[in-house]
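# Observations on chain architecture
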Amino acid sequence: MSTLAKAMSKFRLAVVQLHVTSVKADNLSKARRLIREAAGQGSKVVVLPECFNSPYGTGFFQEYAERIPGESTQMLSEAAKENGVYLVGGSIPEEDGGKLYNTCPVFGPDGTLLLKHRKIHLFDIDVPGKIRFQESETLSPGSAFSVFETPFCKVGVGICYDIRFAEMAQLYSKMGCELLVYPGAFNMTTGPAHWELLQRARALDNQLYVATASPARDETSSYIAWGHSTVVNPWGEVISSTGSEEAVVYAEIDLQYLADVRQQIPVTVQRRDDLYAVKPVAES
Ligand SMILES: NC(=O)CC(=O)C(=O)O
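Because the structure is predicted, anything quoted here is derived from the model rather than measured. Position numbers for residues count from 1 along each chain, tracking the sequence in the order it is written. Reporting in this predicted model follows two pLDDT cut-offs: at least 70 for local features of residues, and 80 or more for side-chain atom pairs to be given and counted; totals over whole chains, interfaces and linings ignore these cut-offs and use all residues. Only hydrogens and water are set aside; all other atoms, that is, all heavy atoms of the structure, feed into the side-chain values.

### Overview of the confidence of the model for the protein chain
Here pLDDT means the predictor's own confidence in every residue, given as a number from 0 to 100. In the predicted model, the protein chain carries a mean pLDDT of 97, and 99% of its residues have values of at least 70. The ipTM, which scores confidence in the relative placement of chains, is 0.98 for this predicted complex, and the corresponding pTM is 0.97.

### Quick notes on the packing of aromatic side chains
A pair of aromatic rings is counted whenever rings of Phe, Tyr or Trp (Trp by its six-membered ring) have centres within 6.5 Å, and the orientation is called stacked for planes under 30 degrees apart, edge-to-face for over 60 and tilted otherwise. Under the criterion given, the structure shown has twelve aromatic pairs. Ring centres of Y56 and Y223 lie 4.7 Å apart, and the angle between their planes is 75 degrees; on these two criteria the pair is classed as edge-to-face. A residue pair is termed long-range when its members are at least 10 positions apart, and Y56 in the loop between β2 (43–47) and α3 (61–64) and Y223 in the loop between β12 (209–213) and β13 (230–232) qualify at 167 residues. This pair shows no difference in class: Y56 is buried, exactly as Y223 is. Between F133 and Y223, the ring centres sit 5.4 Å apart and the planes meet at 75 degrees, which makes this aromatic pair edge-to-face. Pair noted here: F133 is in strand β8 (residues 131–134) and Y223 is in the loop between β12 and β13, with a separation of 90 residues, a long-range link. Y223 carries the same exposure label as F133, and that label is buried. By the ring-pair criterion, three or more aromatic residues cluster together here, those being Y56, F61, F123, F133, Y161, F165 and Y223. The residue whose ring lies beneath R118 is Y101, and the NZ or CZ to ring-centre distance is 3.8 Å. Each helix corresponds to a stretch of at least 4 residues labelled H or I by DSSP, and each strand to a stretch of at least 2 residues labelled E; elements are numbered beginning at the N terminus. Note on classification: 1.4 Å probe, protein chains only; a residue is buried when its accessible area is under 20% of the maximum for its type, exposed when over 50%, partly exposed between these limits. Only Lys NZ and Arg CZ are tested; either one counts as a charge over a ring when it is within 6 Å of the ring centre and within 35 degrees of the ring normal.

### Some words on the nonpolar core
Soluble, globular proteins show a tendency: their nonpolar side chains are buried together. Within this scheme, the nonpolar core is defined by two criteria: the residues are buried Ala, Val, Leu, Ile, Met, Phe, Trp, Tyr or Cys, and they are joined through side-chain atoms within 4.5 Å. F11, L13, V15, F148, L179, L180 and V181 are the most contacted members of the largest nonpolar core, which totals 44 residues. The element that contributes the greatest number of residues to this core is strand β11 (residues 177–183), accounting for five residues. Among residues more than four places away in sequence, those in contact with L179 are F11, L13, C153, K154, V155, G156, Y209, V210 and A211. In terms of nonpolar packing, the next biggest core, distinct from the first, is built from 23 residues, V16, I68, L76 and V85 among them. Note on definitions: a residue-residue contact is assigned when non-hydrogen atoms from the two residues lie within 4.5 Å.

In structure tokens, the structure reads:
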């Protein structure tokens, strides 16, 4: 392997577990500071949490919603450029054409908007006595897949509940993604039960890296996030994680290791596409 290829086969990823408050300006300035901190530690890709500029809840989306471009994406664009990083801007409530979306904007190191992923699967659940949440009361779903290129690897983007849909991760893998990022905000019921399990499942099924970024836990908020932002490797192991507090989680993404795992257990080429297949029914 050439020296350049070797240099490009590894990079540092940072996941920012931000303590989100009801003061948008504070969320933006703190996110900006932590992006700088992550870049200062050598990170090339930085991921923010779901709803990083607003409390998470159907009662807040309208009030905090912005158009893109807007105040929050302006800050993200500047922060990506100032620090020369690929920035997965968590998500923000987005207003467009009279509808609201839960949207993840992604910026390149020159500050350009590479894509915006609108949460495809809305979080509508009812676990009696535990949690009822209906995102669809105020949000509309996105209907496009979101993949971006970096000099290191292709990255697929989902938001929170999107991680429960194995088909989406499998499609991203088929599209050549080697890292999947999910800004997310699981809660005190589904977090301990499913958060890590889903990440390890998606990583192992597809033999790729999976990273999740949660808001830090705030016991006083109406929706209490589980925290535990995590990075899982293609073997299905947690390689980096944190607890419930505000933190930046770092992980080394090693694409040669990914290739080794895929060679050792070659499920990615052993699929029986003559018997079954997962394929998109709509163009993205
Ligand atoms: N908040 C979400 O979108 C998803 C979640 O909390 C869960 O799936 O559980």
